[in-house]
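Architecture at a glance
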Amino acid sequence: MKSYLLVLSFSFVFINIFNVQAITLSNSKTETKTRHKKLYYSNINNKNKVIEKKTSPLTTYKSTAYVPNCTRLNSPLNNSSNISVSNNLSWRAVTDAVGYIINVGTTYGGTEIANNLDVGNNTIYNPTTDFPEDSYIYVSIIPYNALGSATSCGQERFRTQKLSPPSCTSFFSPINNSSNVAVNSNLSWNNVVNASGYFINIGTTSGGTDIANNLDLGNTTTYVPTVNYPSESDIYVTITPYNTIGSAMGCIEKKFTTETILPLCTDLVSPSNGETDVNISSSISWRPVSNAKGYYITVGTFPAGTEFANKLDVGNTTTFTPSTNFPENQTIHVLVIPYNDLGEAIQNCDEETFKTAFLKTSCTTMSNPRNGENNISVTSSISWDADVNATGYFINVGTTSGGTDIANNIDVGNTTTYTPSSKFDGQTTIYVTITPYNASGKSLGCNEENFTTENLLPPCISFLSPLNRTTNISVNTSIRWSAVTNATGYFISLGTTSGGTDIENGRDLGNVTTYTPTSPLPSETTIYTTITPYNLEGNAPNCSEKYFTTEKTPPNCTSITAPLNNSENVAVNSNISWNLIPNTTGYLVTIGTTSGGTDIANAVDAGNVSAYNPPVDLPDESNIYVTITPYNALGNATNCEENRFTTENRIIEIPKFFTPNGDGNHDYWEVKDPKNEIKIIYIFNRYGKLLKTLASNTIGWNGSLSGKKLLADDYWCLLELHNGETIKTHFTLKR
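Rules used throughout
- Residues numbered from 1 in each chain as written.
- Predicted model: local features only at pLDDT ≥ 70, side-chain atom pairs only at ≥ 80, totals over all residues.
- Heavy atoms only, no water.
- Helix = DSSP H or I, 4+ residues; strand = E, 2+ residues; numbered from the N terminus.
- Rg over C-alpha atoms; globule rule 2.2 N^0.38 Å.
- Contact = heavy atoms within 4.5 Å.
- Lys, Arg positive; Asp, Glu negative; His and termini not counted.
- Charge placed at Lys NZ, Arg CZ, Asp CG, Glu CD.
- 1 Å grid on protein atoms, 1.4 Å probe; cavity = no way out; pocket = protein on both sides within 12 Å on 5 of 7 lines; lining within 4 Å.
- Points joined across faces, edges and corners; volume = space filled by probe spheres on them.
- Nonpolar A, V, L, I, M, F, W, Y, C, P; charged D, E, K, R; others polar.
- Disulfide = S-S within 2.5 Å.
- Buried < 20%, exposed > 50% of the residue type's maximum accessible area, 1.4 Å probe, protein only.
- Phe/Tyr/Trp six-rings, centres within 6.5 Å; stacked < 30°, edge-to-face > 60°.
- Lys NZ or Arg CZ within 6 Å of the ring centre and 35° of its normal.
- Salt bridge = Lys/Arg side-chain N within 4 Å of Asp/Glu carboxyl O.
- Pairing = 2+ DSSP bridges.
- pLDDT = per-residue confidence, 0-100.
- Axes fitted to C-alpha atoms, helices over the stretch in contact; angles between N-to-C directions.
- Patch = residues over 30% accessible without salt bridge, like charges linked within 9 Å, V, L, I, M, F, W, Y side chains within 5 Å.
- Areas by Shrake-Rupley, 256 points an atom, 1.4 Å probe, with all protein chains shown as cover.

A word on the overall build of the protein chain
- Scanning the protein chain from N- to C-terminus turns up zero helices and 59 strands.
- By the compact-globule yardstick of 27 Å for 735 residues, the protein chain is too spread out, its C-alpha radius of gyration being 48 Å.
- The principal-axis extents of the C-alpha atoms in the protein chain amount to approximately 135 × 105 × 55 Å.
- For the protein chain, restricting intrachain contacts to residue pairs at least 6 apart in sequence, the fraction spanning at least 24 positions comes to 59%.
- Within the protein chain, one finds 45 positive and 61 negative side-chain charges whose respective centroids are separated by 25 Å.

Some details on the layout of surface pockets
- As a volume, the largest pocket reaches approximately 730 Å³.
- If you go around the largest pocket, you meet 25 residues; those closest to its centre are Tyr136, Tyr138, Arg157, Asp714 and Thr732.
- Where the lining of the largest pocket is concerned, the elements lending two or more residues are β10 (136-145), β12 (156-159), β58 (713-721) and β59 (726-733).
- Top contributing element to the lining of the largest pocket by residue count: β59, with five residues.
- Considering only residue class, the lining of the largest pocket consists of seven nonpolar, nine polar and nine charged.

Quick word on the state of the cysteines
- Applying the stated criterion across every chain yields a total of six disulfides.
- A disulfide bridge connects Cys70 with Cys153, and the sulfur atoms are separated by 1.9 Å. An S-S torsion of about -95 degrees defines the bridge between Cys70 and Cys153 as left-handed. Here Cys70 is found in the loop between β4 (50-56) and β5 (73-75), whereas its partner Cys153 is found in the loop between β11 (148-149) and β12, with 83 residues between them in sequence.
- A relative accessible area of 18% places Cys153 in the buried class.
- Bridging Cys363 to Cys446, the disulfide has an S-S length of 2.0 Å. Torsion about the S-S bond of the Cys363 and Cys446 cystine: about -90 degrees, corresponding to left-handed handedness.

Observations concerning empty space enclosed by the protein
- Counted according to the given criterion, the structure contains three cavities of 30 Å³ or more.
- As a volume, the largest cavity reaches approximately 50 Å³.
- Contributing to the lining of the largest cavity are Trp669, Glu670, Val671, Ile681, Leu694, Ala695, Ser696, Thr698 and Gly700.

Details of the packing of aromatic side chains
- With the rule as written, the count across this model stands at 24 aromatic pairs.
- Relative to Tyr715, the ring of Trp701 has its centre 5.6 Å away and its plane inclined at 75 degrees; by these criteria the two rings are edge-to-face. Taken together, the residues span a long stretch of sequence, with Trp701 in the loop between β55 (690-695) and β56 (704-705) and Tyr715 in strand β58 at a distance of 14 residues.
- On the basis of relative accessible area, Trp701 is assigned to the buried category, the value being 1%.
- Owing to a relative accessible area of 5%, Tyr715 belongs among the buried residues under this scheme.
- Put simply, the rings of Phe658, Trp669, Trp701, Tyr715 and Phe731 pair up and form one aromatic cluster.
- Seen from the ring of Tyr136, Arg157 lies directly overhead, with NZ or CZ sitting 4.0 Å from the centre.
- We note Lys728 situated over the ring of Trp716; from NZ or CZ to the ring centre the distance is 5.9 Å.

Quick word on the pattern of salt bridges
- For the structure shown, the criterion picks out 10 salt bridges.
- Note that Asp620 is salt-bridged to Arg650, the shortest N-O span being 2.6 Å. In this pair, Asp620 sits in the loop between β49 (611-612) and β50 (623-632) while Arg650 sits in the loop between β52 (643-646) and β53 (657-658), placing the two residues 30 residues apart along the sequence.
- For Arg650, a relative accessible area of 26% corresponds to the partly exposed category.

Things to note about unusual backbone geometry
- Here the bond from Asn368 into Pro369 is cis, since omega is -10 degrees, no more than 30 degrees from zero.
- Tracing the backbone through its elements, the reader meets Pro369 in the loop between β29 (366-368) and β30 (382-384).
- Residue Ser465 is joined to Pro466 through a cis peptide bond whose omega torsion reads -15 degrees.
- Assignment of secondary structure puts Pro466 in the loop between β37 (463-465) and β38 (479-481).
- With a phi close to 70 degrees, Arg469 is a non-glycine residue in the positive phi region.
- Its identity is not glycine, yet Glu621 carries a phi of approximately 45 degrees, on the positive side.

Describing the pairing of strand β23 (residues 294-300)
- When you tally the buried positions in β23, you get six out of seven residues, the bulk of the element.
- Relative to strand β26 (residues 331-340), β23 runs antiparallel, the two being bridged by seven bridges. From the neighbouring strand, Ile297 faces β26, where its bridge partner is Val336.

A closer look at the confidence of the model for the protein chain
- Confidence in the prediction for the protein chain averages 88 pLDDT; 91% of positions are at 70 or higher.
- In the predicted structure, residues 1-63 sits below a pLDDT of 50 and forms 126 contacts with residues beyond four places in sequence or in another chain.

Things to note about the sheet that holds strand β14 (residues 178-181)
- In space, the five strands of this open sheet follow the order β14-β20-β19-β16-β17, with mixed pairing throughout. The open sheet has two edge strands with one neighbour each: β14 and β17 (212-216). Pairwise comparison of adjacent strand axes, ignoring direction, gives a mean angle of 25 degrees for this sheet.
- In this structure, β14 lies alongside strand β20 (residues 254-258), joined through two bridges in parallel fashion.

Brief notes about the sheet that holds strand β6 (residues 89-91)
- In space, the three strands of this open sheet follow the order β5-β6-β9, with antiparallel pairing throughout. In this open sheet, the two edge strands, each paired with only one partner strand, are β5 and β9 (124-125).

Section: the environment of Val104
- In this structure, Val104 sits in strand β7 (residues 99-105).
- Since its relative accessible area comes to 0%, Val104 is described here as buried.
- Each C-alpha atom of the pair Val104 and Asn243 lies 25 Å from the other, and the pair is 139 residues apart in sequence.
- Other than its neighbours up to four places away in sequence, Val104 contacts Leu89, Gly110, Thr111, Glu112, Ile113, Ala114, Tyr125, Phe131, Ile137, Tyr138 and Val139.

What to know about a nonpolar patch on the surface
- Together, Leu262, Leu264, Leu342 and Ile346 make up an exposed nonpolar region whose accessible area comes to about 380 Å².
- Counting through the fold element by element, Ile346 comes out in the loop between β27 (343-344) and β28 (352-355).
- On the basis of relative accessible area, Ile346 is assigned to the exposed category, the value being 56%.

Focus: the pairing of β59
- As paired strands, β53 and β59 are joined by two bridges and run parallel to one another. If you follow Phe658 over to β59, its bridge partner there is Leu733.
- As paired elements, β58 and β59 share eight bridges and run antiparallel to each other. Bridge pairing in β59 places Cys717 opposite Thr729.

Listed below in structure tokens is the structure:
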């Protein structure tokens, strides 16, 4: 073996090419002694280029090479499996290395996780994201120093674990079915190894979530309640671990019972403490206390008075209704004491008070309009006589007796006029109920009154032309009618059947008396027309339909339904289809590769059909221009629009992988060649050895060589095309 010796000193490299005594340069340090008659040396600049060559009469010397060796993974080990997706990579340190370049990917030679990443003089790499689960991870590590990088460092690999949802956890505190648990207790549970967080449900019934509803706690094993649990209550808890794969299934609910403590005092909700003008028939309600089993209530007209209730036990309810009304204009004293099995509220509860109202209201009547009055303006307001004791009025207004579709118990305050937010409908009976109120309450049994509005709807029109039931009318005719005095516009509906709207569907024409269709009417067809005047009050009711019949003419143009205009990537074997047109006996088809062109079909008579199948495939990746011209005995449709679409570009498809395992799926590596462009295919292994030669029309390669199955690996292919071009790429054999 021919060998060389490099001696590095002051930017010079000495190369002995005579009588070298068994010395070989490698990526490791090497020392030797040698005998020489001559020594060649080269001056090398800082870009490792030779700039000077000389000889020297040196006979012996000592030399050291510093390019580092390759390294290997310490963790995970090469070909190890079931590795955590969050695992770091570590490797053996190399003596002369000052840093390391790392490549990491999910395929052999892949770099999508780390691409030529310089990690410095570290032997640990922590990926920025987890590795994909259940995947091979390929790693190459290249040590380097000032003289260069280690060469021919191979790739190592390992396989990550297949993740699954975590299992359920077990409670640590409180213990399941424990009792007398403090109302402010924290909850804790055992950690689950592959959980990334925990959901918690807490309720006062089995399956309940009234305390915590599927609350995401993150990756913690303790829950600190934001408020105390209710005392002397069963508390039901379910902890559900989760990770990126999903949540644990079927986790069992646990239960504990809280301690019993004396309840706190409560306070009045309605009437509130200090409230005045309270209705004499009011009930008393208070705020519930969580651990109360019931309430005592005392109510009177003086401090500690008991004439309405004397420490009455109302049970576990928060409302008390006296058997009689309170006196008017009187201060009422109320004391509510919560209790439970341990006794009454923990502190002396305060007495609260409110004051009742006095003076009752009487019903009123409308003053304008008067009850039963007719022909009232649709913009009218409603006014009524004032009640001397009223502090406000509720009003109901509707279009039926008892109806509230215009005003639903609106509180208009202390005013005697109501103006609706919008006008009343014309020729409509309006029903009104006005109810006075004050602090003592509202008037009862007030009578409903009504009035009827004016009629403002416009009448229907009279047709001027075409007249009803006339025939042989021009397809370009306009429709005219007489004006209606109080109409502000007209709707038109036009169709080819009675009640039909296929030409115009209630189109608002504005305040005109002539309509001209935007396109000719269909020939030899009965046209049904309805004109409906309208104004701000609404539409004229029950306007009748009129009809006339059009003349016979050449047909109208059609519209192409497929391929759609300006569509792209259309199959070259596509049919052309269009909508059928009335009054048509056939269609002429023109197809070309230029606008107006006829090189594919020149006015071909397709007959009375709605599709045409070109006799040959359309050209690839081309603009195709199509015109369909309907015709009948009177002639052809004129000025029919030309449509354009672009055909597909059929290309060679090279599979990225195949799995020759006999399951019928991807058993062969087969190149698709829709335009027969391939002359021959060569297949190589990753070392460049030719394994297989394929003709373009074969079923492909089954992953064998001389009847022997090859190993799962990456392979390379070279495709020679008939035009002299080549395509080179790689694919994967998976087993």
